[in-house]
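# Close look at the chain arrangement
The chain contents come next:
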Amino acid sequence: MSYTSLELQRLVEPHRVHRDVYTDPQIFDLEMERLWRRAWVYVGHESQVANIGDYITTTVGLEPVVMARDKNNRVQVLYNRCGHKGAKVVTQRAGSARVFRCPYHGWTYRLDGKLQATPHACGYENTDFDIDNPCFSMQSVARIDACRGFVFACLSPEGPDLLAFLGDTALTINNMCDRSPQGEVEVAGAPLPYMHDCNWKMFVENLNDAVHPMVAHASVGHATRKVVESLPEGSPVPSEAEIISPFGGSYEFFDSMGSRTMPYGHCFMGGKGSIHSSYSEIAGYMDAMQASYGEQRTTEILSQQRHNTTVYPSFTVKDAIQIVRVARPIAVDKTLVETWHFKLKGAPDEMLHRTITYSRLINSPGSMVGPDDWDCYRRMQQSLHSDASTWVDMRRYLGRNEPDGNVHVAPGTSDESVRNQYRAWCDYLLDEAQ
Ligand SMILES: [Fe+2]
């Protein structure tokens, strides 16, 4: 790698970053090696592998992996690589299997990765080949752990355990699950994929950027207000309008939500109130919650109102609307964003309907909000190559954050969440030890 520690340090100043962090393929390679291999990266939800033999394929950083439920009912995360010649073993996005079989020479593996058989095995007689030697397995990643069914993998044996890594963001995951009258969520269907022509950090940084909605999403906010104003007096506001309207919120609205940052680059907005606070009640939901939790606990659960929680670098959660968006980096200027929808077990179907409506309106490539962001990312990714300047600014409310328990609080339109991400970025990238 061509970057020395000193050169890396020079890319990040307290109030700005050098454009190379978004545009240089060598930086991207360093990120994959030093950040994405060391952080806990979201793989999938246990409900995607509900039964023995179920599996999904995805990536951790650039590493193809398989998450499977083995015959002992344990969830495994394996490198998707044959222990023989190295071919990718599993190519389906999801399925169910008794064994994994490499399509090249037919080596077959148990669901926990152990090599089970090789065809025409007589050829290995009188060699030191040993079918039980772990070197021939599909290798397990260094560490696997889960929080309320959300499975994360870490490719490094070193570093904090998952709960220490998640810190306060575990409360977001807990809250999303507690919003189910049964205390559990399950994935609803396939993800909504959205390929972005930008560096992964642009998407992640934008989730807590509250200075852009009133500009980038002005047109849809304005159109929604006009629709609501044109309704006959006393008419109910359509749920679509309830969902879109906050995207036209004022600077003061987002400032009052507040931005909260914590170790490892994590952050969230809101807490007591967010863009999701004013949704109408869905019939039957409160009854189901109170029957499970009682009135006081139900109020506690539903009063936690966080906006986007970012578990840096890959996992972002909207607990109040049961949506997870995952960044899957592909290249320095290409990122797959997956949107996953979660069903609250025991809640009325209308809750899931609202979750999916939210994505249709906000997250989908065909929506009225997501493409606004996508266009801005693409403009940045292209124009950062300009000779006009080599710096990207992040100084809003610099130095204006205060500790509050385990988190730091700043005005909602502060760049503090971005600065906090770059502090973590430096911690990872400046540590050369592998
Ligand atoms: Fe946006």
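Keep in mind that what you see is a predicted model, and the values were worked out from it rather than measured.

## Some thoughts on the sheet that holds strand E8 (residues 100–101)
Here we have three strands laid out as an open sheet, ordered E8-E9-E10, and antiparallel in their pairing. Two strands in the sheet have a free side with no partner beyond their single neighbour: E8 and strand E10 (115–117).

## Focus on the environment of Pro329
For Pro329, the location among the structural elements is in strand E19 (residues 323–331). Classification of Pro329 as buried rests on a relative accessible area of 3%. Here the alpha-carbon distance between Pro329 and Thr339, two residues 10 residues apart in the chain, equals 14 Å. Leave out the neighbours within four places in its chain, and Pro329 touches Phe28, Met32, Trp36, Gly61, Leu62, Trp200, Lys334 and Thr335.

## Here's the deal with the side chain of Arg179
Relative to the assigned elements, Arg179 resides in the loop between helix H5 (170–178) and strand E13 (185–187). For Arg179, which is buried and forms no salt bridge, the nearest opposite charge comes from Asp319, at a distance of 5.0 Å. Engagement of the side chain of Arg179 in a polar contact is seen with the backbone oxygen of Gln304, the distance being 2.8 Å. Aside from chain neighbours lying at most four places away, what touches Arg179 is Tyr285, Met289, Ile301, Leu302, Gln304, Gln305, Asp319, Ala320, Gln322 and Leu344.

## Description of the domain arrangement of the chain
Under the domain assignment, the chain is made up of domain 1 (41–147) and domain 2 (162–429). A C-alpha centroid distance of 34 Å is found between domain 1 and domain 2. Counting from both sides, the interface comprises 14 residues of domain 1 and, opposite them, 17 residues of domain 2. Surface buried jointly by domain 1 and domain 2 totals about 1,300 Å² across both partners, of which 62% is contributed by carbon and sulfur atoms. Summed over the shared surface of domain 1 and domain 2, the result is one salt bridge. Here Arg93 ties to Glu338 by a salt bridge, and the two come within 3.4 Å at their closest N and O atoms. The tally of links between domain 1 and domain 2 comes to seven residue pairs in polar contact (both at pLDDT 80 or more). Counting residues per element, the ones that place at least two in the side of domain 1 that touches domain 2 are strand E3 (41–45), strand E4 (54–60) and strand E11 (143–147). Its residues placed into classes, the side of domain 1 that touches domain 2 shows six nonpolar, six polar and two charged.

## Quick notes on the coordination of the iron ion
Each donor-metal-donor angle would ideally measure 109.5 degrees in four-coordinate tetrahedral geometry, or 90 or 180 degrees in six-coordinate octahedral geometry. Listed as protein donors to the iron ion are His212 (NE2), His217 (NE2), Asp373 (OD) and Asp373 (OD); their distances from the metal cover 2.0 to 2.6 Å. One way to put it: the four donor atoms around the iron ion meet at angles of 54 to 142°, and that makes the site irregular. In terms of primary sequence, the donors binding the iron ion are separated according to H-x4-H-x155-D. Residue His212 is located in the loop between helix H6 (200–206) and helix H7 (213–216), and its partner Asp373 is located in helix H14 (residues 370–383); the two are separated by 161 residues in the primary sequence. Asp373 matches His212 in its accessibility class, with the two residues each being buried.

## Some thoughts on helix H12 (residues 295–303)
Within H12, the full set of buried residues consists of Thr298, Ile301 and Leu302. Within H12, the buried residues cover an arc of 90° as seen down the axis, which keeps them to one side. Across H12 from its buried face, at more than 90 degrees, point the exposed residues Gln296 and Thr299.

## Digging into the packing of helix H11 (residues 285–293) against H12
Geometry of a packed helix pair, given as the angle between the helix axes and the separation of the axes. The interhelical angle for the contact between H11 and H12, taken along N-to-C directions, is 120°, at an axis separation of 7 Å. Between H11 and H12, the interaxial angle falls into the category oblique. When you trace H11 past H12, the crossing you get is right-handed. Judged by residue contacts, Tyr285, Met286, Met289, Gln290 and Tyr293 of H11 engage Glu295, Arg297, Thr298, Ile301 and Leu302 from H12. The residue makeup of the contact of H11 with H12, split by class, is six nonpolar, two polar and two charged.

## A closer look at the sheet that holds strand E6 (residues 75–79)
The four strands are arranged E6-E5-E4-E7 in an open sheet whose pairing can be described as antiparallel. Each having just a single partner strand, E6 and strand E7 (94–96) make up the two edges of the open sheet. The average undirected angle you get between the axes of adjacent strands in this sheet is 25°. Pairing analysis gives six bridges linking E4 to strand E5 (residues 63–69), with the strands arranged antiparallel. Counterpart to Thr57 in the pairing with E5 is Val66.

## Looking at the pairing of strand E23 (residues 407–410)
Of the strand pairs in this sheet, strand E15 (residues 259–261) and E23 are connected by three bridges, and their pairing is antiparallel. The residue of E23 that forms the bridge with Arg260 is Val409. One ladder, built from three bridges, connects strand E22 (residues 402–404) with E23; its direction is antiparallel. Among the inter-strand pairings, Pro403 is bridged to a residue of E23, identified as His408.

## As for unusual backbone geometry
In this structure, the amide linkage connecting Tyr312 to the following residue, Pro313, adopts the cis form with an omega of 10°. Structurally, Pro313 can be placed in the loop between strand E17 (305–311) and strand E18 (315–318). The backbone of Tyr264 shows a phi angle near 65°, a positive value even though the residue is not glycine. One non-glycine residue, Tyr397, lies in the positive phi region at around 55°. Within the fold, Tyr397 resides in the loop between strand E21 (391–393) and E22.

Analysis parameters
Residues numbered from 1 in each chain as written. Predicted model: local features only at pLDDT ≥ 70, side-chain atom pairs only at ≥ 80, totals over all residues. Heavy atoms only, no water. Pairing = 2+ DSSP bridges. Helix = DSSP H or I, 4+ residues; strand = E, 2+ residues; numbered from the N terminus. Buried < 20%, exposed > 50% of the residue type's maximum accessible area, 1.4 Å probe, protein only. Contact = heavy atoms within 4.5 Å. Lys, Arg positive; Asp, Glu negative; His and termini not counted. Salt bridge = Lys/Arg side-chain N within 4 Å of Asp/Glu carboxyl O. Polar contact = N/O pair within 3.5 Å; in protein donor to acceptor, adjacent residues only side chain to side chain. Domains from an automatic or database assignment. Buried area = accessible area lost by both parts, 1.4 Å probe. Nonpolar A, V, L, I, M, F, W, Y, C, P; charged D, E, K, R; others polar. Donors = N, O, S within 2.8 Å, 3.2 Å for Na, K, Ca; no water. Tetrahedral: all angles 85-135°; square planar, octahedral: opposite > 155°, others 65-115°. Arc of directions from axis to C-beta. Axes fitted to C-alpha atoms, helices over the stretch in contact; angles between N-to-C directions. Parallel < 35°, antiparallel > 145°, perpendicular 65-115°, else oblique. Left-handed = near helix turned anticlockwise from the far one by under 90°.

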